[in-house]
Amino acid sequence: MSLIIFTEHSEDKIKKSSLEAISYGVALAGKLNIEAIALVVGPTAAPLSELGEYGVKKVVHANDSAIITSDTKSLATIISQAADTHQADVIIFSNTLTAKGVAPRLSVRMKAGLVTGAVALPDLTNEFTVRKTVFSGKAFADVTILSPKKIISLNLNAFEIIKSTGTAEVIPFTTATISSSIKIKKVNRMAGEISLAEADKVVSAGRGLKGPENWGMVEELATLLGAATACSRPVADSNWRPHHEHVGQTGLAIAPDLYIAIGISGAIQHLAGVNRSKTIVVINKDPEAPFFKAADYGIIGDAFEVVPKMIEAIKQLKK
Amino acid sequence: MKILVCISRTPDTTAKIAFTDNNTKFATEGVQWIINPYDEWYALVRAIELKEKDASIGIHLVTIGGAETEPIIRKALALGGDEAFRVNAIEEDPYFIASQIAFVAKEGGYDLILTGKETIDHNGSSIGAMVAELLDMPFISLATKLDIEPTQALVTREIEGGEEEAEISFPLVISCQKGMAEARIPNMRGIMAARTKPLAVKDPQSAEKLTTTKAFVLPPAKSGVKLVPAETPEILIQLLREEAKVI
């Protein structure tokens, strides 16, 4: 019996969200008294044996370069074959865009109950019950998986990475050739930006900034903090900022350690996307802005005066 | 060309989220119900836009739920669906729901099945991929653009850190998100026509439930905001560093 953690990589690094999933999987495997195995698909120069530092003893690597990793069917086939080979009854994903395509597919193939958006380890004293976000972050649900096989897709930034020492054995995994009916024509990647979904700090701004030309100070603050930038829906709808920066109910839901909201009033739909952030800072000139009720720290003031002073204060700190 | 659009009923985005019966049920009192925004604005409206370019396209709708879901089905028909199916069952476990949709889809023989990227209540993001697996079809998640040619779909979708353009032969399943189409409201003619469009009620097929929801929990309330004077933002920076320990 074992547990497999689907481990994603990008630019020859294991993703931070996958390290969270590995830490979660190792903790769960410990509770279940079974072995935790990381499964890596596709060629990568990331040092896979170092995943031992996160508690896995084995890394199974399907490194066939012919695998089209954006085809959910191919990925589901590889994961289910690896699960058969290693008698895995539990599969852990980080709830990334890739997982959203693959985990449900695998759930059907393995007849394994699926919980997506998990925020905590399963409660094993209450059958096998996993807490997950529902109502776009406005509540949690405790969902019991009834089937013997189980799949959990863990929310990003919901579980702390646990690192110690150790080396993992890397085991190559070959699969039969998998054909794909998806013809990829073009891939556009935005290089160099900090991924908003994975970021542990986010600086976000709204209509209070009056126009796209005023984003310089937001970007400067974000760069100084090592944060990703985000925006509210009206800002994305007005094309002041790209749509992938939109956080909120109909945009991206994020859970960074620090969320700084500048000139965002905090409509319920926006709060839904950010209220799992650990520390929320609100800067708004309207003392009645509903966002202050959801904030940990706040400044009632004009962003055009406050933000440059914050930038100055951080620069002083860094000296 | 036949398109099946999966429609779910959800509470309005501004609905108060509360629970009853010892936190086991969503408190529906005073709640306005809408078509799940992703299903409506992106999946359904894009299907309608495609039909406007090619009138031979048929748009069918499928919903899993009791009679209480019929107003939103009628609204979807008013927007431009041709006919609808309601599978008369409680929508709970994603595998059960996907099994019902797959059964309807198999009977209808669709070229294209569209879903929203997720529902705003369950946030499962699971149904499209499950239906694809049950029907052994390709699945494209989180599409932001969709065009069709006689034998294939041209799709742009969001991937980690960017986007990808692909061609896929029919039949296939696509989950839709922002970028696909512009929201619209039904006109009077559509509303009148929707009253007489076919809405067939089907009994559910037997399918397993792999999960069950035991209880709901509301997040703990914030203890209150600590305000820093606008003249001294450096104090905020100091608090973030020394008290919150986040920078």
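Residues numbered from 1 in each chain as written. Chains lettered and ligands numbered in written order. Predicted model: local features only at pLDDT ≥ 70, side-chain atom pairs only at ≥ 80, totals over all residues. Heavy atoms only, no water.

1. Observations regarding the overall build of chain A
Threshold: In this text, helices come from DSSP runs of H or I with a minimum length of four residues, and strands from runs of E with a minimum of two, each type numbered from the N-terminal end. Note that the radius of gyration is over C-alpha atoms, with the globule rule given as 2.2 Å times the number of residues to the power 0.38. Residues are treated as being in contact if the distance between any of their heavy atoms lies within 4.5 Å. Under this rule, positive means Lys or Arg and negative means Asp or Glu; His and the chain ends count for nothing. Think of each charge as sitting on NZ of Lys, CZ of Arg, CG of Asp or CD of Glu.
Scanning chain A from N- to C-terminus turns up 7 helices and 17 strands. Compactness check: chain A gives a C-alpha radius of gyration of 21 Å against a globular reference of 20 Å for 319 residues, within 12% of the reference. Viewed in the frame of its principal axes, chain A has a C-alpha envelope of about 60 × 45 × 40 Å. The contacts of chain A with a sequence gap of at least 6 include a subset with a gap of at least 24, amounting to 63%. Here chain A holds 34 positive side-chain charges and 31 negative ones, and the gap between their average locations is 4 Å.

2. Focus: the interface of chain A and chain B
To keep it simple, the criterion reads: Summed over both partners, the accessible area (1.4 Å probe) lost when two parts come together is defined as the buried area. Criterion for a salt bridge: a side-chain nitrogen of Lys or Arg within 4 Å of a carboxyl oxygen of Asp or Glu. Under the rule applied, a polar contact is a pair of N or O atoms within 3.5 Å (in protein, one hydrogen donor and one hydrogen acceptor; residues adjacent in sequence only if both atoms are side-chain atoms). By the convention adopted, Pro, Cys, Tyr, Trp, Phe, Met, Ile, Leu, Val and Ala count as nonpolar, Lys, Arg, Asp and Glu as charged, and the other residues, Gly among them, as polar. Pairing between strands requires that DSSP locate at least two bridges from one strand to the other.
Contacts between the two partners involve 84 residues from chain A and, on the opposite side, 78 residues from chain B. Here chain A meets chain B over a buried area of about 7,000 Å², counting both sides, of which 58% is carbon and sulfur. Summed over the shared surface of chain A and chain B, the result is 9 salt bridges. Where Glu167(B) meets Lys183(A), a salt bridge forms, and the shortest distance between an N and an O atom there is 3.7 Å. Here chain A and chain B share 37 residue pairs in polar contact (both at pLDDT 80 or more) between them. Looking at the side of chain A that touches chain B, its residues break down into 33 nonpolar, 27 polar and 24 charged. Where strand E12 (residues 182-189) of chain A meets strand E11 (residues 162-169) of chain B, 7 bridges bridge the pair, whose relative direction is antiparallel. Residue pairing across strands places Lys183(A) opposite Glu167(B), the latter belonging to E11(B).

3. Overview of the sheet that holds E12(A)
Working definition: the strands of a sheet are paired by backbone hydrogen bonds and lie parallel or antiparallel to each other. Put simply, the test is: The convention used is that axes are lines fitted to C-alpha atoms, helices contributing only their stretch in contact, and that angles between N-to-C directions extend from 0 to 180 degrees.
In space, the 10 strands of this open sheet follow the order E12(A)-E11(B)-E10(B)-E9(B)-E12(B)-E8(B)-E1(B)-E6(B)-E7(B)-E13(B), with mixed pairing throughout. One side of each edge strand has no neighbouring strand; the edge strands of this open sheet are E12 of chain A together with strand E13 (199-202) of chain B. When the angles between neighbouring strand axes are averaged without regard to direction, this sheet yields 30 degrees. The sheet contact formed by strand E1 (residues 2-6) of chain B and strand E8 (residues 112-116) of chain B spans 3 bridges and is parallel. Residue pairing for E8(B): Val5(B) is matched across the bridge by Leu114(B).

4. Focus on helix H1 (residues 16-32) of chain A
Given 3.6 residues per helical turn, the α-helix brings residues three or four places apart onto the same face. For clarity, the cut-off: One less than the number of residues in a helix, times 1.5 Å, gives the span that helix is expected to have. When a residue's accessible area, from a 1.4 Å probe over protein chains only, is under 20% of the maximum for its type it is buried; when over 50% it is exposed; and in between it is partly exposed.
For H1(A), spanning 17 residues, the distance from its first C-alpha to its last is 24 Å, which sits close to the expected 24 Å at 1.5 Å a residue. Three or more residues of H1(A) are buried, namely Ser17(A), Ser18(A), Leu19(A), Glu20(A), Ala21(A), Ile22(A), Ser23(A), Tyr24(A), Gly25(A), Leu28(A) and Ala29(A).

5. Section: the domain arrangement of chain A
All names here are of chain A. Operational definition: The domain boundaries here were taken from an automatic or database domain assignment.
Split into domains, chain A comes out as domain 1 (2-172) and domain 2 (201-318). Averaged C-alpha coordinates put domain 1 and domain 2 at centres separated by 32 Å. On the side of domain 2, 9 residues touch domain 1, which itself brings 9 residues to the contact. Summing both partners gives a buried area of about 660 Å² for domain 1 against domain 2, and 44% of it is carried by carbon and sulfur. Together, Ser136, Lys138 and Asn157 form the three largest contributors to the area buried by domain 1 at its contact with domain 2, with a combined 64%. Applying the counting criterion to the domain 1 and domain 2 interface returns 0 salt bridges. Linking domain 1 with domain 2 are 4 residue pairs in polar contact (both at pLDDT 80 or more). Its residues assigned to classes, the side of domain 1 that touches domain 2 shows 3 nonpolar, 5 polar and 1 charged.

6. Comments concerning the environment of Ile73(B)
All names here are of chain B. Assignment of secondary structure puts Ile73 in helix H2 (residues 70-79). The class for Ile73 is buried, based on a relative accessible area of 1%. Placed 64 residues apart in sequence, Ile73 and Arg9 show a C-alpha to C-alpha distance of 8.6 Å.

7. Here we look at unusual backbone geometry
Here the residue pair Phe170(B) and Pro171(B) is connected by a cis peptide bond, since its omega of -5 degrees sits within 30 degrees of zero. One non-glycine residue, Lys111(A), lies in the positive phi region at around 50 degrees. With respect to the secondary-structure elements, Lys111(A) resides in the loop between helix H3 (97-110) and strand E7 (113-118). Lys111(A) gets classed as partly exposed once you look at its relative accessible area, which sits at 34%. Unlike most non-glycine residues, Asp136(B) shows phi in positive territory, near 55 degrees.

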